Structure formats: structure tokens, C-alpha cells
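Coordinate analysis (summary)
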Amino acid sequence: MTRHGRVSSLEEAAAARGIEPRDLIKTLVVRRAEDDHVFVLVPGDRTFSWAKVRALLGTNRISMPDAAAAKAVTGYERGTI
């Protein structure tokens, strides 16, 4: 575990840890349905594909919850998820 101050980008987070962005994992919370959220893990140097995630989850619709909902379902503030 490493601790550092707030960062505002993936690149800053990687630099604070002394690693490359590709070595980080972005953790996104996605709303699949009412009271149904999942984590999506994406390598730091890759982009999130809505179509691929919908296909993997077997649904036609997903969305990103607002900051308050994300904290309510995960216990973490946006930017730390």
C-alpha cells in the first residue's frame, strides 16, 4: 500500500507511485439497474468501452452513478474508486 496526497489524473497517480500509467488499474463503478452496481476494472493505459461492458454484462443499458450514489454504494468518494 502506498499513500500520497490528492492527484487529479491517472498520470499523476502513477507518478506519485513511481510507476507507469499502464501499471495502474482504473476502478469504475457502473450502474446496471436500480440498486445493482458493479465494478469495472480497466488497465490504466486502456479506454473504457461502453459497448463491450454492456455485452459482458448482458444488458442494453448501463450508466455511471453520480458522485453521491457512487459513495453510497461503495463507501468511497469519486477519485478514490
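Below is a summary of the structure that appears in this document. All figures in this text were calculated on a predicted structure; none of them were measured in a lab.

1. As for the overall build of the protein
In terms of regular secondary structure, the protein is built from three helices and two strands. Its helices and strands in sequence order give the protein the pattern α-β-β-α-α, from N to C terminus. With respect to the three principal axes, the spread of C-alpha positions in the protein is 40 × 25 × 20 Å. Here the protein holds 81 residues, and 17% of them are scored as buried. Between the centroid of the 13 positive side chains of the protein and the centroid of its 10 negative side chains there is a distance of 3 Å.

2. A closer look at the pairing of strand β1 (residues 25-33)
Of the strand pairs in this sheet, β1 and strand β2 (residues 36-43) are connected by eight bridges, and their pairing is antiparallel. Across the sheet, residue L28 finds its bridge partner in β2, namely V40. Counting the residues in the hairpin turn of β1 and β2 gives two residues, including D35, whose phi is positive at 55 degrees.

3. Points about the pattern of salt bridges
One pass over the structure, following the stated rule, counts three salt bridges. The shortest N-O distance in the salt bridge between D36 and R32 comes to 3.0 Å.

4. Topic: helix α3 (residues 67-74)
Looking at where α3 begins, the residue whose side-chain oxygen comes 3.2 Å from the main-chain nitrogen of A68 is D66. Following α3 by one or two positions, G75 has its phi on the positive side, about 85 degrees.

Definitions and cut-offs
- Residues numbered from 1 in each chain as written.
- Predicted model: local features only at pLDDT ≥ 70, side-chain atom pairs only at ≥ 80, totals over all residues.
- Heavy atoms only, no water.
- Helix = DSSP H or I, 4+ residues; strand = E, 2+ residues; numbered from the N terminus.
- Buried < 20%, exposed > 50% of the residue type's maximum accessible area, 1.4 Å probe, protein only.
- Lys, Arg positive; Asp, Glu negative; His and termini not counted.
- Charge placed at Lys NZ, Arg CZ, Asp CG, Glu CD.
- Pairing = 2+ DSSP bridges.
- Salt bridge = Lys/Arg side-chain N within 4 Å of Asp/Glu carboxyl O.
- Polar contact = N/O pair within 3.5 Å; in protein donor to acceptor, adjacent residues only side chain to side chain.

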